[in-house]
There are 6 protein chains.
Amino acid sequence: MRPSGRDVSEMRPVSIETGVTKHAEGSCLIRIGDTHVLCTASLEERVPPFMKNSGLGWVTAEYGMLPRATTTRMRREASAGKQGGRTVEIQRLIGRSLRAGVDRVALGERQITVDCDVIQADGGTRCAAITGGWVALRLAVNKLMKTGEVISDPMTDPVAAVSCGIYAGQAVLDLDYPEDSEAGVDGNFVMTGSGRLIEVQMSAEGATFTREQMDKLLGLADAGVAQLVAAQKAAVGV
Amino acid sequence: MRPSGRDVSEMRPVSIETGVTKHAEGSCLIRIGDTHVLCTASLEERVPPFMKNSGLGWVTAEYGMLPRATTTRMRREASAGKQGGRTVEIQRLIGRSLRAGVDRVALGERQITVDCDVIQADGGTRCAAITGGWVALRLAVNKLMKTGEVISDPMTDPVAAVSCGIYAGQAVLDLDYPEDSEAGVDGNFVMTGSGRLIEVQMSAEGATFTREQMDKLLGLADAGVAQLVAAQKAAVGV
Amino acid sequence: MRPSGRDVSEMRPVSIETGVTKHAEGSCLIRIGDTHVLCTASLEERVPPFMKNSGLGWVTAEYGMLPRATTTRMRREASAGKQGGRTVEIQRLIGRSLRAGVDRVALGERQITVDCDVIQADGGTRCAAITGGWVALRLAVNKLMKTGEVISDPMTDPVAAVSCGIYAGQAVLDLDYPEDSEAGVDGNFVMTGSGRLIEVQMSAEGATFTREQMDKLLGLADAGVAQLVAAQKAAVGV
Amino acid sequence: MRPSGRDVSEMRPVSIETGVTKHAEGSCLIRIGDTHVLCTASLEERVPPFMKNSGLGWVTAEYGMLPRATTTRMRREASAGKQGGRTVEIQRLIGRSLRAGVDRVALGERQITVDCDVIQADGGTRCAAITGGWVALRLAVNKLMKTGEVISDPMTDPVAAVSCGIYAGQAVLDLDYPEDSEAGVDGNFVMTGSGRLIEVQMSAEGATFTREQMDKLLGLADAGVAQLVAAQKAAVGV
Amino acid sequence: MRPSGRDVSEMRPVSIETGVTKHAEGSCLIRIGDTHVLCTASLEERVPPFMKNSGLGWVTAEYGMLPRATTTRMRREASAGKQGGRTVEIQRLIGRSLRAGVDRVALGERQITVDCDVIQADGGTRCAAITGGWVALRLAVNKLMKTGEVISDPMTDPVAAVSCGIYAGQAVLDLDYPEDSEAGVDGNFVMTGSGRLIEVQMSAEGATFTREQMDKLLGLADAGVAQLVAAQKAAVGV
Amino acid sequence: MRPSGRDVSEMRPVSIETGVTKHAEGSCLIRIGDTHVLCTASLEERVPPFMKNSGLGWVTAEYGMLPRATTTRMRREASAGKQGGRTVEIQRLIGRSLRAGVDRVALGERQITVDCDVIQADGGTRCAAITGGWVALRLAVNKLMKTGEVISDPMTDPVAAVSCGIYAGQAVLDLDYPEDSEAGVDGNFVMTGSGRLIEVQMSAEGATFTREQMDKLLGLADAGVAQLVAAQKAAVGV
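What you see is a predicted model; the values in this text were computed from it and never measured. (Residues numbered from 1 in each chain as written. Chains lettered and ligands numbered in written order. Predicted model: local features only at pLDDT ≥ 70, side-chain atom pairs only at ≥ 80, totals over all residues. Heavy atoms only, no water.)

Novice: Is there a simple way to explain the interface of chain F and chain E in this structure?
Specialist: Listed as interface residues are 31 residues of chain F and, on the opposing side, 31 residues of chain E. Taking both sides of the interface into account, the surface hidden between chain F and chain E amounts to around 2800 Å²; carbon and sulfur atoms contribute 47%. Looking at the side of chain F facing chain E, the largest losses of area belong to E89(F), L197(F) and R211(F), adding up to 20% of the total buried there. Here chain F and chain E share eight salt bridges between them. In this structure, D215(F) and R211(E) form a salt bridge, with 3.9 Å as the shortest nitrogen-oxygen distance. The interface formed by chain F and chain E contains twelve residue pairs in polar contact (both at pLDDT 80 or more). Put simply, the parts of the chain that give the side of chain F that touches chain E at least two residues each are helix 2 (85-99), strand 9 (197-204) and helix 6 (211-236) of chain F. (Contact = heavy atoms within 4.5 Å. Buried area = accessible area lost by both parts, 1.4 Å probe. Salt bridge = Lys/Arg side-chain N within 4 Å of Asp/Glu carboxyl O. Polar contact = N/O pair within 3.5 Å; in protein donor to acceptor, adjacent residues only side chain to side chain. Helix = DSSP H or I, 4+ residues; strand = E, 2+ residues; numbered from the N terminus.)

Pasting the structure below:
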């Protein structure tokens, strides 16, 4: 019934390749089916002005799409002169999500910027970015711990995200693009490795949904995130 | 226990004054406690280019804050040269929410732009904007029906929104600014008059939450939205 | 003969409501007929860089229009990405006018920003902004004097403004929008409570005028400003 | 008493050299003392969208300053990414002023853009731009009449402008930069060859002025404009 | 003597992987040592406005760098709000270079946009972009020929580019980043498969060079481009 | 054979008038035929942030064109909101070229900004800008040496530039606009007074060229630059 032939609770194949760029303190290429996102974590020994002398660290994120990551070419945001609303919304979500898994006191007064650039898009890019972004962040923090710059591990729990939605009347896990563009209701669920919620964003474009449907999607998300966290742990060697 | 002395499930006083500007096809000033938002609905006999000749109508929204709506003056976005990420995120949410309550076929190929400008802010401005925005939209559509330009009512169900959050360890309804700035978890719930969900946005800044907490917030939201819908109906005289 | 039925030397009804927002140090909502402008004065304990350590204070102004303050909706400047030429011109005029009534030595090295946001427009918005802006400024300075931060009153004389023009061949006071859009010659006159001139801007779009006409307009303006200053004084309780 | 040793009613030397660029339909280099402005008039067989099929012509102006036209180098507006408020204000004034001397019906549905670029600044650049701009415009219209594209002369009367101000307590004509930067009150007066007024802009920075002072400045302006109009006529060979 | 231990006329290892993204009409990932550039060619059935109805095709290019392609993170151009001068210069060069190898009549009135995004940078990104860009373009044109949309092959000759420079007093081929940042003189040479020149850009930062040095660099470039063209041919299977 | 009737190796008449603006530390108006560029050198006692405390000086350049310097009016970049790609490319070239003739240690930690504004364009504006820019720079440095702020002359060798190209099958020197717009291959050659190369930019739009052609153009450039350097020396009185 799903265009891909997947079962309603079946995720696309997940792969996370680490160490993909030589300059970044942490990096990975995450592939969720045909959605490919390159994530890098860059360490900077400075924090935003409003955080100076707070003793707290900061984790922030930026998101971008290569112009031809999509079916038809999209205008390059750098040439358009600004980041679109969707981009801004997504990168704020990624930053918020990753910060929920970080003890900012333990991190100390430094900033890590996680860049998530979509090389190829097929639905669920923001969820892939969060999941891969956590891996890049984990690897960068590992480096800080190895050198002794950070003593106590600031990474409290893995953070991963998955999308679910109502497609053709059924709750399905991990929407790909053909499903996403048809689904009347879809949600993004950011969770920790221990199953706690960080962010729930459910939204209906020109439709509505019930508590029962919401609960069903949450159930699917639980299972999906567990799978992603396993992949994250394998990738970073825990 | 709440700074305002309110009960955990007690909303702030709500008032909706209609017809507050002489030019707009629909308008209201909504006050949720000390949060005051001016909402206008402007009718335009054109739709965005990608919708031409589709026969479908469009409802979109813009959001702004007067520079001194807040405790300290914020830079005017027009002078900064762009709308900030928070603004863009909010106005996309308002537009999506309002469209969920509109039958775009019945509306016909025309656009209604709902402007929500925050005159005074004390928490919950996006929820007030959605709730007041629906009233302005309803009034503008009434005008279209009176003139016969629209025959069958395109407004399917009232749309209203309320925020809830975990403040000082307790689930509370309708966060004001002192609560909002302290709450580790907060959510915005957009619902219809018949209790269906349109948008759920729960997010934890530097924290996490459980399904049980989420359910408690949803319960509070249900009650809050019912109260708001009653106020909307009274305002538009249904 | 005037669309409103007013006499040539008759102003529209004037009302100034103070204390309309809880955050600003000074605020008022000024209504000149159907032109409604919200004015707030925000105190900041800093001055522009070029004024540092000068011992002098600074008063500046910003001006904006809500998108549907006008008959047809205008594009939001924040979304257009810049303030238009008209906006910039007006806010420079407001700032210059208000500074003419302030002793910057007595004010001391601090800045007051006066925001004038047009809620509803029906001609004469810049004049209403100056007149209401002075009230907001006066109230903010009162606060500084009450706390003893400022000892000697820096407000030297009230500042108010009115427009006049040649409509249908006759010099008329306080143009409303239907008159303004027809008048070949119109002027804005900023004056002090004691009748001295601060700014005279007379301009003819596609026309010219004589010294005699100019003198007639100045005469009307004198009377109009006297009325506005009386309203200002009543509003601030002098 | 004046820094330049000039008499209070003495203008700086005026020279207008025409035909200074080979591409423009009309051009001149106007020198008012050490203020040098290059003015070109460019003919375009199109009008702004809102004027299409109106049968009316349009005259518009743009103003710029070379970065080192001033005592210290100013940032190039093209590199700053926008025209400053002062630039916008001035170019709107130039356009309005020139249009007052043009019969737009006789011009026919075409646009002439007058560019005024300040090569060297020493006070009074906007007045020099208007005066020189009229010469460039006149020459471009001459071309249209020679080719028969325009039959009846649309240039109704020469347009010229001069500044006056209160310097060291005295009303003086044609302020140069040392005077302009000291004057508490200054005005720009745009007039026609027959002595009618087009635009009067008097403004006091941190000061006020009286009707008597205003009248004195107007008297000086009358004499100054007469001199400028004579120079214009000589330049265009009338 | 070279930091990498390479011989003066030795290129870094070259690899070109084609078909790396599923959406683009043509694509490759080119690796010149540690410089990795993703190139996609996007077909659009429209040309720039000034080329409409000319019957001629158009090839254009855009260039970008992921923020952490470099040793230290660079600001994302989309968030900075504009493309920097270096970016603009490079993408103009890529477009010009590729057009030199295309018969625009044979291509017909359509546009191909080549996007070159640097995933990892280690010197010579613009040359890698041109070389990889040609491969992506070739593959996209192959598709047009397979479908019969284009009959006669518009690709006249392969186009490739290499950099050379004077490093530590010696002419060396294919500068990597450590060399590039030290070289007083460096050049980029764009050539065709048959050895003709398309673009020569030699430049000295704070230095000068002689005709003899220039000739030496040209000789190295000849050999380097020949190697690159062989790799291109192998990649596209000719 | 050339539209101007010039011999293939004949430059247009060159004139360099110095001291053309009273504010700049150095200035000239260079005329190469109908190409007229105003060049000013502005001294600033500060350097870019990344150069602070380096003890080194900095020379940078900006380039602009008056809107009607060209056959048809071009949009003003300040009003377009950004400098175009061509402008950015040219001003980077001018800066690089001039720095090649400056000993930055001898200059000391100060910045000189060379502004090159095209008053009238007829081909070869960037070359004229470099040649005239050097004169302005030389004059500004002379001032610094006269006052003793700079002791040892930082100007190592004159810098001048000329364009050559293949027009109608023949290598010609100093392309004017009619030639430039037709030439398939053209180059800009920046050289020192002693004949060393600083920058070579040869490029073919939709064409290619050979080493022999390149050598021929270099030969012409040699002769052209020698002539320009003679004019520079005459202008600065060496």
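Novice: Quick question: what am I supposed to make of the arrangement of the chains here?
Specialist: With no contact between them, chain B and chain D keep their nearest C-alpha atoms 10 Å apart. Note that chain C does not reach chain E: the shortest distance linking a C-alpha of one to a C-alpha of the other is 11 Å.

Novice: Where do I start with the interface of chain A and chain B in this structure?
Specialist: Many analyses report the size of an interface as the accessible area lost when the parts associate. Residue-level contacts link 31 residues of chain A with 31 residues of chain B. Both faces combined, the contact of chain A with chain B buries some 2900 Å², and carbon together with sulfur accounts for 48% of it. Considering only the surface of chain A that becomes buried against chain B, E89(A), L197(A) and R211(A) emerge as the three largest contributors, covering 20% of it. Scanning the region where chain A abuts chain B turns up eight salt bridges. Between chain A and chain B we count twelve residue pairs in polar contact (both at pLDDT 80 or more) in total. Broken down by secondary-structure element, the contributors of at least two residues to the side of chain A that touches chain B are helix 2 (85-99), strand 9 (197-204) and helix 6 (211-236) of chain A. Top contributing element to the side of chain A that touches chain B by residue count: strand 9 of chain A, with eight residues. Of the residues assigned to the side of chain A that touches chain B, the class counts are eleven nonpolar, nine polar and eleven charged. The sheet contact formed by strand 9 of chain A and strand 9 (residues 197-204) of chain B spans five bridges and is antiparallel. (Nonpolar A, V, L, I, M, F, W, Y, C, P; charged D, E, K, R; others polar. Pairing = 2+ DSSP bridges.)

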